[in-house]
Structures are given as C-alpha cells and as structure tokens.
Amino acid sequence: MSGPPPTTAGTEDDAQIVAQSLDQPELFARLYDRYAPDIHRYATRRLGDGTADDITADTFLTAFRIRSRYDLTRPNARPWLYGIAGNLIGKQRRTEVRALRALARTGHDPVAASWVEDTDSRIAAQGPLAGALAALSAGDRHVLLLVAWAELTYQEVAEALDIPVGTVRSRLNRARRKVRTALGADPAFVNDAAEVA
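To start, this report covers the structure provided alongside it. (Residues numbered from 1 in each chain as written. Predicted model: local features only at pLDDT ≥ 70, side-chain atom pairs only at ≥ 80, totals over all residues. Heavy atoms only, no water.)

Examining unusual backbone geometry
We count it as follows: Runs of H or I in DSSP of at least four residues are treated as helices and runs of E of at least two as strands, each being numbered from the N terminus. Burial here depends on accessible area, computed with a 1.4 Å probe over protein chains only, as a share of the maximum for the residue type. Under 20% is buried, over 50% is exposed, and the range in between is partly exposed.
We note that Glu151 has phi near 60 degrees; this positive angle belongs to a residue other than glycine. Within the fold, Glu151 resides in the loop between α8 (138-148) and α9 (154-161). By relative accessible area, Glu151 is classed as partly exposed at 37%. Phi angles above zero are rare outside glycine, and Asp162 is one such case at about 55 degrees. Tracing the chain through its elements places Asp162 in the loop between α9 and α10 (165-182). Since its relative accessible area comes to 70%, Asp162 is described here as exposed.

Here's the deal with the packing of helix α2 (residues 29-47) against helix α4 (residues 78-91)
To be explicit about the condition: In this analysis, axes come from line fits to C-alpha atoms, helices being fitted only over the stretch in contact, and the angle between any two N-to-C directions falls in the range 0 to 180 degrees. Roughly parallel refers to an angle under 35 degrees, roughly antiparallel to one over 145, roughly perpendicular to one between 65 and 115, and oblique to any angle outside these ranges. Definitions for this section: a left-handed crossing has its near helix turned counterclockwise from the far helix by less than a right angle. A right-handed crossing has that turn clockwise. Two residues form a contact once any of their heavy atoms are found within 4.5 Å. For this classification, Asp, Glu, Lys and Arg are treated as charged, while Ala, Val, Leu, Ile, Met, Phe, Trp, Tyr, Cys and Pro are nonpolar and the rest, including Gly, are polar.
Where α2 meets α4, the closest approach of the two axes is 11 Å, and the angle between their N-to-C directions is 30 degrees. Between α2 and α4, the interaxial angle falls into the category roughly parallel. Crossing geometry of α2 relative to α4 is assigned as right-handed. Listed contacts from α4 to Tyr35, Asp38, Ile39, Tyr42, Ala43, Arg46 and Leu47 of α2 are Arg78, Leu81, Tyr82, Ala85 and Ile89. Across the contact of α2 with α4, the residue classes tally to nine nonpolar, no polar and three charged.

Digging into the packing of aromatic side chains
To be explicit about the condition: Two rings belonging to Phe, Tyr or Trp (six-membered ring only in the last case) form a pair when the distance between their centres is within 6.5 Å. Interplanar angles under 30 degrees mark stacking, angles over 60 mark edge-to-face geometry, and anything in between is tilted.
The tally for this structure, following the rule as stated, stands at four aromatic pairs. Aromatic pair Phe28 and Phe64: ring centres 5.5 Å apart, planes at 70 degrees, arrangement edge-to-face. With Phe28 in the loop between α1 (14-21) and α2 and Phe64 in helix α3 (residues 49-65), the pair connects residues that are 36 residues apart, well separated along the chain. For the pair Tyr42 and Tyr82, a centre-to-centre distance of 5.4 Å together with 80 degrees between the ring planes defines the contact as edge-to-face. One end of the pair, Tyr42, is in helix α2; the other, Tyr82, is in helix α4, with 40 residues separating them in the sequence.

Brief notes about the nonpolar core
Keep this limit in mind: By convention a nonpolar core is built from buried Ala, Val, Leu, Ile, Met, Phe, Trp, Tyr and Cys residues, the set being connected through side-chain atoms within 4.5 Å.
One finds Trp80, Leu81 and Tyr82 to be the most contacted residues of the largest nonpolar core, which totals 48 residues. Not counting residues within four places of it along the chain, the set of residues in contact with Leu81 comprises Tyr35, Ile39, Thr59, Phe60 and Ala63.

Considerations on the pattern of salt bridges
Note the following rule: Basic side-chain nitrogens of Lys or Arg form a salt bridge, by our definition, when they fall within 4 Å of a carboxyl oxygen of Asp or Glu.
All told, the structure shown has six salt bridges when counted by the stated rule. Between Arg34 and Asp14 there is a salt bridge whose closest N-O contact spans 2.4 Å. One end of the pair, Arg34, is in helix α2; the other, Asp14, is in helix α1, with 20 residues separating them in the sequence. Given a relative accessible area of 1%, Asp14 falls into the buried group. Of the charged contacts in the structure, one is a salt bridge between Asp140 and Arg174, with a shortest N-O distance of 2.8 Å. Here Asp140 is found in helix α8, whereas its partner Arg174 is found in helix α10, with 34 residues between them in sequence. Given the relative accessible area of 3%, Asp140 is considered buried. Overall, Arg174 belongs to the partly exposed group, its relative accessible area being 29%.

As structure tokens, then:
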C-alpha cells in the first residue's frame, strides 16, 4: 500500500498542505506528487490506461477547485482524492462494465497484458472474475475495488464515498459473497478474516 509518506518533524500533513495552498496555490502540487501515481494505477485498473490519464488529471483539478471545502481535521487527503476519482469513474461506469464484460468473454485484459509477463494463464483465470465484477451494482463494485485495488481501509472507503463504515462493511460483504458465488465457491463455507477488520 502506498499511502502518504510518514509525517516527521518538519513535514506537513495533507491538511496543512491544503490549508497553505489556499494562499499559495502552487503548494497543492505536493498532493499531486504524493498521490497521483496511486490514483492513476487505480483508474487504470478500473478503466484502462487512456482514460486513467484523464481521470487522474480531472481528480486533481477538481480537488484543487474545491480545496477550500476540504475538512482540515483529516490529516490524510488520500480518501478524499479516491472519492473524487470514484465519482469521475462512476461517470465512466458504462466503459468499465463493457471492459469487464469483454474480459469475461475473451479472457484478454489489455491493462494486465501491458505490464505483466506471461499473462495468458493469469488472464484466462480472470475472465470469470471480470464477469462477476461487471454483475455487481456500482456501489458494491466501487467498495470492493477500493479495498482490493486501492488498498483503502474500511474507514478510508467510508470517507472516500461519504458513507458510514457499516455501509462499507455490508457492501463489501455482499460483493464478496456474490463474487465467490459467481466463481463457484460456496460462500457459506468461505471464512474471510478480512471481513472482520
């Protein structure tokens, strides 16, 4: 998990950077430097490389425009940025679902093929997973992928989506159960310790 660099004496947390950027806009670039690679990777997995560039740029442009509304009691801007990216990805939902269905049908994942060696066997196994992801509701899929691909904690997902942690837990549980069922596992007999976290 990437996340923010540890705050040590003399380094600013994200809230301080946002607050300072209100008077010195160029300081907002520090957040871009910290989080753009993570946001880009997440958007690439969701929508593909070409769209990920736009999502990443739009995420930071939107964040910059609304930075005066940032909750300065939150020292970590990562969930806030993922929430913005998620909203932008949501607008591209049809593209994501089409890509997942194509992967389920063909077994070809152009995103994974571009950065993983010997992807043929791994991608063939992902076809059913892609179909299961495409079948999830947008809310359930978004929570599942924020946990699985962006490696956000339940609390960070709640902050990113502006929903209660209990809703995150129920959506994640439902999504995991549906994916397991779609992949042929009996969800009644699969114990996932991460669900308790």
